Amino acid sequence: MGEFKRVLVLGTGPVSIQMSILFKNYLKSYVGIAGRESVHSAALFSALNENNQFIQAFVQNEQHRLMEGRCQIDQVFHGYSGITGEWDTLIMGVTTDAYIEIMGKINEKILEKVKCIVLISPTLGSNNMVRHYLKEKKFDIEVVSFSTYLGDTRWMDGTPSNQVMTTGVKKKLYAGSSFSSSANMRILSELYAQLGIGLNVMNSPIEAESRNISLYVHPPLFMNEFSLSVVFRDEDSKKYVYKLYPEGPITMQLIRDMRSYWEEISLVLDKMNVIPVNLLKFMTDDNYPVLPGSLSRHSIDHFTSFPPIHQEYLLYVRYASLLIDPFSQPDQEGRYFDFSAVPIRQIYVNKEGKWDIPRMPKEDYYRVKMIQGMGRMTGTSTPTLDKFIATYESKIASSLLNFKNQQLSEAFRVQSFEEDWLRIGEEIIDK
């Protein structure tokens, strides 16, 4: 039997609302939501209280209607230390850098009853890190990792409430369990199949975690001088994530770094007996395709066998081919949808009144620190990744001069995250 009878969703973001509805309506689970006390979560808790704990998910596109739904949450907990009752499953709907902190706040009597923890949007090594923490506490809990969240979900009106809208849904995801034989994986596969999402079950959780395109493209796209000058407001004019220089950060050097960084990750994965991804194939087949006239099937399938300069050429062609959406309908002037016009977000004042750094590159900083740690533990050199980190940390340090006597979030602090990557490394070595 699976362990989804009593499900506690951790986190108070849009993802947690959408996942709660899916578990409640499709698996008929008893569902609770828990979140930390903050200005951000207060708005959600207030909305839940005013609406008798009903939540609702809408969709932007009719083809995603299976994500729609309305349900009543069974229990709501303000703060993780206040969680009570018995829960067989924890759904981690929080950022990866918060996993250990949150589990540390939950009463161990609660964790003793938990049979399964699901990581909705982990990074590379998250499953190892969580498992190591649980072993320290003498808990034998199954930990499931998805490659990434199933789509794109946001607040219905832009601010936290009991309503969300899912604007995009992925066609394929990957997942892996720390248990070799898992009834939970079968149930999750059936759930995602009902939603029209193909779920590929991998041999290990870290193999599933390695199938996340953000892992490979976000650090090179955001952790460079061009993008960071926009993020930290040194650049006045609007710039775009996926455009070629000077409208965006994509240059031959960035592509060279992207390829080298992918190679470094592949070497780390290889030392952990995980089959690395064919980067170009993963970009086109699992994420967004291009027309055959731009990239041939042969080039995509044989990408890993080409010399570096050939690989860089193909990656540049791929990004150039997606400046517009090649599958959109051109207008009367022959113009296609401006697919690459995704603005680079800038630092902002968060709901706590503190200056904060956008999710990209803030989450990428944690992500690359984990890979750097795994590189050290496996004896793998990571010069390109090290350059990303040095560039980002230098920018954080220099930006502090512009914020004297102003409140700053933790994101403006250079961090090692050593405790987390050591957990991952020790788990790898134990194997």
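Residues numbered from 1 in each chain as written. Predicted model: local features only at pLDDT ≥ 70, side-chain atom pairs only at ≥ 80, totals over all residues. Heavy atoms only, no water.

*Asks:* Is there a simple way to explain the side chain of N224 in this structure?
*Replies:* Relative to the assigned elements, N224 resides in the loop between α8 (213–222) and α9 (225–231). Judged by its relative accessible area of 14%, N224 is buried. A polar contact is formed between the side chain of N224 and the backbone oxygen of L221, at a distance of 2.9 Å. (Helix = DSSP H or I, 4+ residues; strand = E, 2+ residues; numbered from the N terminus. Buried < 20%, exposed > 50% of the residue type's maximum accessible area, 1.4 Å probe, protein only. Polar contact = N/O pair within 3.5 Å; in protein donor to acceptor, adjacent residues only side chain to side chain.)

*Asks:* How do you make sense of the nonpolar core when you look at a structure like this?
*Replies:* Within soluble globular proteins, side chains that are nonpolar generally end up buried alongside one another. Grouped together as the largest cluster of nonpolar side chains are 94 residues, with contacts concentrated most on L10, I83, Y216 and M374. Each of two domains, domain 1 (6–210) and domain 2 (213–430), supplies a minimum of three residues to this core. Those residues within four positions of L10 in sequence are excluded, and the remaining contacts are S16, A34, Y80, I83, L90, I91, M92, G93, V94, I102 and I106. By size, the runner-up hydrophobic cluster in this structure holds 40 residues, among which are A57, M67, Y149 and M185. (Core = buried A, V, L, I, M, F, W, Y, C linked by side-chain atoms within 4.5 Å. Domains from an automatic or database assignment. Contact = heavy atoms within 4.5 Å.)

*Asks:* For this particular structure, what's the right way to read the pattern of salt bridges?
*Replies:* Opposite charge on two side chains allows them to pair when their charged atoms are near. Across all of its chains, the model carries 25 salt bridges by this definition. A salt bridge links R259 to E263; the shortest N-O distance between them is 3.4 Å. Taken together, the residues span about one helical turn, with R259 and E263 both in helix α10 (residues 252–271) at a distance of 4 residues. Among the ionic pairs, D285 bridges to R297, the shortest N-O distance being 2.7 Å. Here D285, found in helix α11 (residues 279–287), pairs with R297, found in helix α12 (residues 297–301); they are 12 residues apart in sequence, far enough to count as distant. Here D285 falls in the partly exposed class, since its relative accessible area comes to 35%. (Salt bridge = Lys/Arg side-chain N within 4 Å of Asp/Glu carboxyl O.)

Bear in mind that shape data such as this cannot, by itself, settle questions of function.
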